[in-house]
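Remarks on the overall topology
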Amino acid sequence: MTKKTIEVIVMLLSSAAFKLGRFGLLSGVHAVLRCGLPLSFILAFAGFAIAEPQWQANSVIEVTLGQLRPTQSVIAHEQVNYKLALYRQNRQALFTDLCESAGWGKKVSFTANSTPQQPGSYQCTNAGQKKRKTQQMKTAVLGADNQLYLTDGHHTFSAFYDMPDGGAELPVAVYLQAKLDVKEQQAFWQLMQQQGNAWLYDAAGNPIGYQQLPASLGRASLENDPYRAAMYFLRDGVWDKPEPAIPFVEFYWAQYLRQQDGLQFPGYYSGADYIQWLERIHGHLAGLSANTAIFAGFTAADLGWRGGVHYQQLSQLLCQRNSSGASSGRLAVALQQRGMPVNCDNRQYLDRNALHSGLSALPQATNADGSINVLIEIAAGSADKWQQDKQAPLQLEWEQQNGALRQVQYLPYPVNYGIVTSTLLSKAQGGDGDPLDVLLLGSALAQGTIQQVRLVGVMRMLDNGEHDDKLLAVPLNGTFASVHDLAQLQQLFPGVTAQLQNWFEHYKGPAAKITVQKFDDAAAALTLIKNSQL
């Protein structure tokens, strides 16, 4: 070792010794580590002997984020993104979360100079005044290797880790729930899984070994599971966290959702795509039963399913609309953190769909193979009433009624609702002066997409004395693809037409005068198409 190296070490140790005496062990250690040499070497050279921490189970311990090893490899990045954006806009929210995660509740006082890295620069009001709420704290387990394993709080602590004044050295408090003296690693991780303290799956839902777990918190280390994010945004609607709590409950739901047809994640292209995806998931979940098997032997009821409850805040996730205008909702804030442009107004633009399909305009109603082109205005399972903008056919707008955005105050739409493209049936021909309406059976489809369908009939309906016929159609693929006419529909899927009649006769409430007169066959539907093509 050179004389210069020794001089540097002595200088660092002198500084560290001062900090050890003035601020405590943790600050001194951080100062020494900045030299880039192993701590064990430096302490040995200086004659220091640091004992292993004497942490006790069922107690609160003060640590840094860097001392906590994750016990899962995935999180919902959108949940962290939302928190990071919130902290940037509202310092009160940041210090509130710091105090709450430490078990001191939400009351806090701070100044413009307060920073999370210096706990003495802000004050948790209840600290020292009331009993610490350990049930609100994040938890950890101590292994036989003296490593702390974080068992709850990966999202909150990842937000702390990734914020500008966070990082590995950020001091936090955790509740040490257990000390597991199991030296063999395989047996240790088996026990962790049995106790609900580890989630050994990757972002695609595939099993992983404990060796594949990341070494640190944060979005750079923990993969993103969009299905886990979906359950975060849909909480308090069709589902809520069960009591008593079930560890990793959102991940159980995510494992189920990723296996369902029609619920594939659309990617991060637009806020409109994302919210439509959430609507499809919500519609699917609303249609479950309490006994539906979800994952690992748990049923929907076990995991907090609340029945066919309509999530009133779903329409507010992207854009919060009121009489004074529109502002970004939680989902928009999270997506904007990714750099995605999300603009809130009363319209939904379909330019991406046109670009995706290669269309510069809506197609004609019929195709050479006899199929019909349908523009989906409302996805099955949604209660928000959207419609084509007659002045701009490639746009949808959220319909307004009496100055308010219209939402069906009934069960969500049981089918995909849309129009036959490039049609208009005049009142003189028995229509309502609008494009032909279509009820498309089957799984929920993304709002604003063009779908090729087969007509199988028409529901003859009067709405306040005016004709308001609805064409019945089926997709060319999927559950209803084998249906070619009304007789087959009623034979293979008895009760479907009765359910449609019941829904449409009642969805506007008792004051409405809606009557379904009868159901006609596919030939009658094709005649309407012929008489209405533009």
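Residues numbered from 1 in each chain as written. Predicted model: local features only at pLDDT ≥ 70, side-chain atom pairs only at ≥ 80, totals over all residues. Heavy atoms only, no water.

1. Details of the overall build of the chain
- Counting its secondary structure elements, the chain contains 15 helices and 25 strands.
- Here the chain holds 534 residues, and the buried ones make up 49% of them.
- A separation threshold of at least 6 residues defines the contact pool for the chain, and within that pool the share at least 24 residues apart is 68%.
- Accessible surface, the chain: about 25100 Å² in total, of which carbon and sulfur atoms supply 50%. (Helix = DSSP H or I, 4+ residues; strand = E, 2+ residues; numbered from the N terminus. Buried < 20%, exposed > 50% of the residue type's maximum accessible area, 1.4 Å probe, protein only. Contact = heavy atoms within 4.5 Å. Areas by Shrake-Rupley, 256 points an atom, 1.4 Å probe, with all protein chains shown as cover.)

2. Looking at the state of the cysteines
- This model, assessed by the stated rule, comprises one disulfide.
- In this model, Cys99 is linked to Cys124 through a disulfide, with the two sulfur atoms separated by 2.1 Å. Disulfide Cys99 to Cys124: torsion about the S-S bond roughly -90°, handedness left-handed. One end of the pair, Cys99, is in helix α5 (residues 91-101); the other, Cys124, is in strand β5 (residues 122-124), and 25 residues separate them in sequence. Here Cys99 and Cys124 have matching classes, each one buried. (Disulfide = S-S within 2.5 Å.)

3. Considerations on the packing of aromatic side chains
- Within this structure, the stated rule accounts for 34 aromatic pairs.
- Geometrically, the ring pair formed by Phe504 and Tyr507 is edge-to-face, given 5.6 Å between the ring centres and 75° between the ring planes.
- Look at Phe504 and you get buried, because its relative accessible area is 1%.
- Using a relative accessible area of 10% as the deciding quantity, one classes Tyr507 as buried.
- In textbook terms, an aromatic cluster arises when at least three aromatic residues are bridged by ring pairs, as seen for Trp199, Tyr201, Phe248, Phe251, Tyr252, Phe295 and Phe298.
- Here Arg330 stacks its cationic end above the ring of Tyr232, 5.3 Å away from the centre of that ring. (Phe/Tyr/Trp six-rings, centres within 6.5 Å; stacked < 30°, edge-to-face > 60°. Lys NZ or Arg CZ within 6 Å of the ring centre and 35° of its normal.)

4. A word on the environment of Val333
- In this fold, Val333 is placed in helix α11 (residues 330-337).
- In this structure Val333 comes out as buried when scored by relative accessible area, which is 13%.
- On a C-alpha basis, the gap between Val333 and Leu86 in space is 8.2 Å, while along the polypeptide they are 247 residues apart.
- Every residue in contact with Val333, bar those within four places of it in the chain, is listed here: Tyr82, Ala85 and Ser328.

5. A look at the pairing of strand β8 (residues 171-179)
- Across six bridges, the pairing between strand β1 (residues 59-64) and β8 is antiparallel. Paired with Thr64 across the bridge in β8 is Pro171.
- Alignment of strand β6 (residues 139-142) against β8, held across four bridges, turns out to be parallel. Counted as the bridge partner of Val141 is Ala178 from β8. (Pairing = 2+ DSSP bridges.)

6. Details of unusual backbone geometry
- Here the amide bond leading from Glu243 into Pro244 is cis, since omega sits at -5°, within 30 degrees of zero.
- Position of Pro244 relative to the elements: it lies in the loop between α8 (226-234) and α9 (249-257).
- Phi is positive for Asn146, close to 65°, though the residue is something other than glycine.
- You can see Asn146 is positioned in the loop between β6 and β7 (148-150).
- Accessibility expressed as a relative area gives 27% for Asn146, which makes it partly exposed.
- Even without a glycine there, the phi angle at Ala296 is positive, about 55°.
- Assignment of secondary structure puts Ala296 in the loop between β10 (293-295) and β11 (298-299).
- Classification of Ala296 by relative accessible area gives exposed; the value is 54%.

7. Overview of the packing of α8 against α9
- In the contact formed by α8 and α9, the axes pass within 8 Å of each other and the chain directions differ by 120°. Considered as vectors, α8 and α9 are oriented oblique to each other. Relative to α9, the crossing made by α8 is right-handed. Facing α8, whose interface residues are Tyr227, Arg228 and Met231, α9 presents Glu250, Phe251, Trp253, Ala254 and Leu257.
- For the contact of α8 with α9, the class distribution of residues is six nonpolar, no polar and two charged. (Axes fitted to C-alpha atoms, helices over the stretch in contact; angles between N-to-C directions. Parallel < 35°, antiparallel > 145°, perpendicular 65-115°, else oblique. Left-handed = near helix turned anticlockwise from the far one by under 90°. Nonpolar A, V, L, I, M, F, W, Y, C, P; charged D, E, K, R; others polar.)

8. Focus: the sheet that holds β6
- Taken in spatial order, the five strands line up as β1-β8-β6-β7-β2 in an open sheet, and their pairing is mixed. Either end of the sheet is taken by a strand with one partner, and the two such strands are β1 and β2 (68-69).
- Here β6 pairs with β7 via three bridges, running antiparallel. The residue of β7 that forms the bridge with Leu142 is Leu148.

9. Some points on α5
- The buried count for α5 comes to eight of 11 residues, which makes it a mostly enclosed element.
- The set of residues buried in α5 consists of Ala93, Leu94, Phe95, Thr96, Asp97, Leu98, Cys99 and Ser101.
- The elements touched by buried residues of α5 are α4 (77-89), β4 (108-110), β5, α6 (154-162) and β8.
- Of the residues that open α5, the one with a side-chain oxygen 3.0 Å from the backbone nitrogen of Gln92 is Asn90.
- Gly103, located one to two residues past α5, shows a positive phi value of around 90°. (Polar contact = N/O pair within 3.5 Å; in protein donor to acceptor, adjacent residues only side chain to side chain.)

10. Re the nonpolar core
- Counting 47 residues, the largest nonpolar core has Trp253, Leu278, Leu285 and Leu331 as its most contacted members.
- For this core, the secondary-structure elements that each account for two or more residues are α4, α8, α9, α10 (271-286) and α11.
- When near neighbours in sequence (up to four residues on either side) are disregarded, Leu278 contacts Ala230, Phe233, Leu234, Leu314, Leu317 and Leu331. (Core = buried A, V, L, I, M, F, W, Y, C linked by side-chain atoms within 4.5 Å.)

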